[in-house]
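Tertiary structure, described
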Amino acid sequence: MKILFKNIKGLLQTLDNSIEYLDGHQMKKLSKINNAFLLIEDDQIIDYGIMNDSPTVDVDKVIDVKERFILPAWCDSHTHLVFSESREDEFVDRISGLSYQEIAKKGGGILNSAKKLQEETFEKLYLKSALRLEEVMKLGTGAIEIKSGYGLELSAEIKMLKVIDKLSKNYDALIQPTFLAAHAVPKEYFDKKDLFISKIINQWIPKVSEMKLANYIDVFCEKGYFNIEETRSIINAGKDHGLIPKIHVNQFNSFGGVPLCVDLDSLTIDHLEVLNDQDINAIKKGNTMPVALPNCSFFLNIPYTSARKIMDNNIPLAIASDYNPGSAPSGNMNFVVSLACSKMGMSPEEAINAATINGAYAMGLSKKAGSITKGKKANLIITKEIPSYSMIPYSFGSNLIDEVYINGKPLLNT
Ligand code: NIG
Ligand code: FE
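This report concerns the structure included in the present document. The shown structure was predicted, so the numbers you read here are calculated from the model rather than taken from an experiment.

Thresholds applied
Residues numbered from 1 in each chain as written. Chains lettered and ligands numbered in written order. Predicted model: local features only at pLDDT ≥ 70, side-chain atom pairs only at ≥ 80, totals over all residues. Heavy atoms only, no water. Helix = DSSP H or I, 4+ residues; strand = E, 2+ residues; numbered from the N terminus. Rg over C-alpha atoms; globule rule 2.2 N^0.38 Å. Buried < 20%, exposed > 50% of the residue type's maximum accessible area, 1.4 Å probe, protein only. Donors = N, O, S within 2.8 Å, 3.2 Å for Na, K, Ca; no water. Near = heavy atom within 4 Å. Polar contact = N/O pair within 3.5 Å; in protein donor to acceptor, adjacent residues only side chain to side chain. Pairing = 2+ DSSP bridges. Core = buried A, V, L, I, M, F, W, Y, C linked by side-chain atoms within 4.5 Å. Domains from an automatic or database assignment. Contact = heavy atoms within 4.5 Å.

**Considerations on the overall build of the protein**
- Each helix and strand counted, the protein has 15 helices and 16 strands in total.
- A globule of 414 residues ought to have a C-alpha radius of gyration of about 22 Å, and the protein, at 21 Å, matches this closely.
- Based on the C-alpha atoms only, the size of the protein along its principal axes is roughly 70 × 45 × 45 Å.
- Among the 414 residues that make up the protein, the fraction classed as buried is 59%.

Here it is as structure tokens:
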């Protein structure tokens, strides 16, 4: 099936296939072709350019895009979309003054989600997660990373990872599974954390890797959760089993987690709401991409990641939703892009780059997604009629998406 999109007002993020990500300075520019055409065949982009060069090949369908823009679908490189129940009671507790950490201490937070997930059947968990995935796909997400981490026991972790696996088989979005092996310490291990960690290292990681249920390994490296040495051992065990690190670090405290992650050659370091100059220097020396999660800052009322400091040091940056029931109960990447601009001082160009090509890199998908490139997946957002692409972050809370194509197929009008 060949589809020709013609008269595109602006075709955004057209990149050569050699580009895997854009560094901080390159992010200032968003490539764009005015009055463009785009040709897709089945699930792939096969050609694009200015309208004058539009091919005269036989196609199955011609779509006149007119005053609308086309951009690559969002690449959301950090989510916890598989969970059982919402946690709006904790939200209300926070409004009346309790902190995220205080709620966690009372048995809320991750332990609360784990209890509910352990009790949930596979089928129900799958159906709830599938609804969330459908919602974010309609909001323009074409590639997504999904973590485990609410199991806190091996069988429940495997249940989560199998849900992620089933989603990736049943949906056209590109899905990357991450084993968030160490998200919190279960109550029964409070006074024997070492035993819990040795189970993760000696039983859980080998099992998950043998079952081929994850590509990435993650740890919540934070005071009160997992310290530097614990994070190092778990991540190294994951690496020994072929899992690539993507690590939660510096959400509330900077205590050496960033240099550790750089040393471990983590693909990404995620959160970084607290980021000091030593951290920036460590990132500059390594190959690790920072991922900012503005939804989490917004929802928990904590600082936003210093995007300007990162990008002005020519470090690449991705932005992601962190969709989860505790700190970011929304997977809307359009809102993430808006927050990146209005709260983190990113320009629309920087934010769109961070949510597309850099997001794709942050989950190992930059050969398949994140840009308008020949041979990449036809995962596309077609906007409504808008005067300029800056409207996307500007019109926060409004849905400016007219149509989403995932794998070359339209989502909304079918
Ligand atoms: O990325 N910080 C750790 N994990 C999640 C939140 C987990 C939760 O509160 O359920 C996050 O923010
Ligand atoms: Fe997270």
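**Considerations on the coordination of the iron ion (ligand 2)**
- Surrounding the iron ion (ligand 2) are the protein donor atoms His 78 (NE2), His 80 (NE2), His 248 (NE2) and Asp 322 (OD), which sit 2.1 to 2.3 Å from the metal.
- Look at His 78 and you get buried, because its relative accessible area is 0%.

**Focus: the site of ligand 1**
- For ligand 1, the set of nearby residues contains 15 residues, the closest of which are Arg 87, Tyr 100, Tyr 150, Gln 251 and Ser 327.
- Here His 80 contributes a side-chain N or O atom positioned 3.3 Å from an oxygen atom of ligand 1.
- Between an oxygen atom of ligand 1 and a side-chain N or O atom of His 248, the distance comes to 3.0 Å.

**Structural notes on the sheet that holds strand S6 (residues 74-76)**
- Taken in spatial order, the eight strands line up as S6-S7-S8-S9-S10-S11-S12-S13 in an open sheet, and their pairing is parallel. The sheet is open, and its two borders are formed by S6 and strand S13 (318-319), each paired with just one other strand.
- As judged from the five bridges shared by strand S7 (residues 141-147) and strand S8 (residues 174-182), these two strands associate in the parallel manner. Counterpart to Ala 143 in the pairing with S8 is Leu 174.

**Here we look at the side chain of Ser 338**
- Topologically, Ser 338 is positioned in helix H12 (residues 333-344).
- On the accessibility criterion, Ser 338 (4% relative accessible area) is buried.

**Digging into the nonpolar core**
- Grouped together as the largest cluster of nonpolar side chains are 119 residues, with contacts concentrated most on Leu 167, Phe 179, Ile 319 and Met 346.
- Per-element tally for this core: the top contributor is helix H5 (residues 154-170), with seven residues.
- Among the domains, domain 1 (2-72 + 371-410) and domain 2 (75-361) are the pair contributing at least three residues each to this core.
- Setting aside anything within four residues of it in sequence, one finds Phe 179 in contact with Ser 148, Glu 157, Leu 161, Trp 204, Ile 205, Val 208, Ala 214, Tyr 216, Ile 217, Asp 218 and Leu 243.
- Among the nonpolar cores identified, the runner-up in size contains 17 residues, and Ile 3, Phe 5, Ile 40 and Tyr 405 belong to it.

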